[in-house]
Amino acid sequence: MPTHEMTSRASAGLVLEERVVDGHDRTLVHLLLKNPSPDPVDDWHVDLSTPDYVVGVFGGALRALGSNTYKLCPDRWTGQIAPGGEIEVGLVLVKSCGLAPPAQQPDTASSAGQAAAA
């Protein structure tokens, strides 16, 4: 069974809650971003680090920054977090299994309505 290995940090001013669902061959990580301020938040991001493969993303776009580090940014449906509002984004992680190292993965983007099919 997979073991969740990830660190995450949200943009300044946002509250980040993480919910992890370990499956047979993958880990689903739900990230809930809350905006406690009276002003909307545009251009949010979450910095991530994981030794695992990121094989799916929903509610945002993922950009590889280097060895095992990523930046999760908004897509067109999650671009603004309303005052007092929240959005959910997520990732599907799998352990390395003889494929290219995670740092060599291309940028991944999906719409909020698409589930990771990996």
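A brief look at the structure comes next. The structure displayed is predicted, hence computed values, not measured ones. (Residues numbered from 1 in each chain as written. Predicted model: local features only at pLDDT ≥ 70, side-chain atom pairs only at ≥ 80, totals over all residues. Heavy atoms only, no water.)

Points about the environment of histidine 24
Here is step 1 of the chain: Among the structural elements, histidine 24 can be located in the loop between strand S2 (15-22) and strand S3 (27-34).
Here is step 2 of the chain: Distance from histidine 24 to valine 94, taken between C-alpha atoms, is 10.0 Å for residues 70 residues apart in sequence. (Helix = DSSP H or I, 4+ residues; strand = E, 2+ residues; numbered from the N terminus.)

Let's talk about the pairing of strand S7 (residues 60-66)
Here is step 1 of the chain: Bridge count between S7 and strand S8 (residues 69-74): six bridges; the pairing is antiparallel. Opposite glycine 66, over in S8, you have threonine 69 as the bridge partner. (Pairing = 2+ DSSP bridges.)

Looking at the pattern of salt bridges
Here is step 1 of the chain: All told, the structure shown has five salt bridges when counted by the stated rule.
Here is step 2 of the chain: Of the charged contacts in the structure, one is a salt bridge between arginine 9 and aspartate 47, with a shortest N-O distance of 3.0 Å. Linking arginine 9 in strand S1 (residues 7-10) with aspartate 47 in strand S5 (residues 46-49), this pair joins segments that are 38 residues apart in sequence.
Here is step 3 of the chain: Overlapping salt bridges, with partners in common, bring together Arg9, Asp47 and Lys71 in one network. (Salt bridge = Lys/Arg side-chain N within 4 Å of Asp/Glu carboxyl O.)

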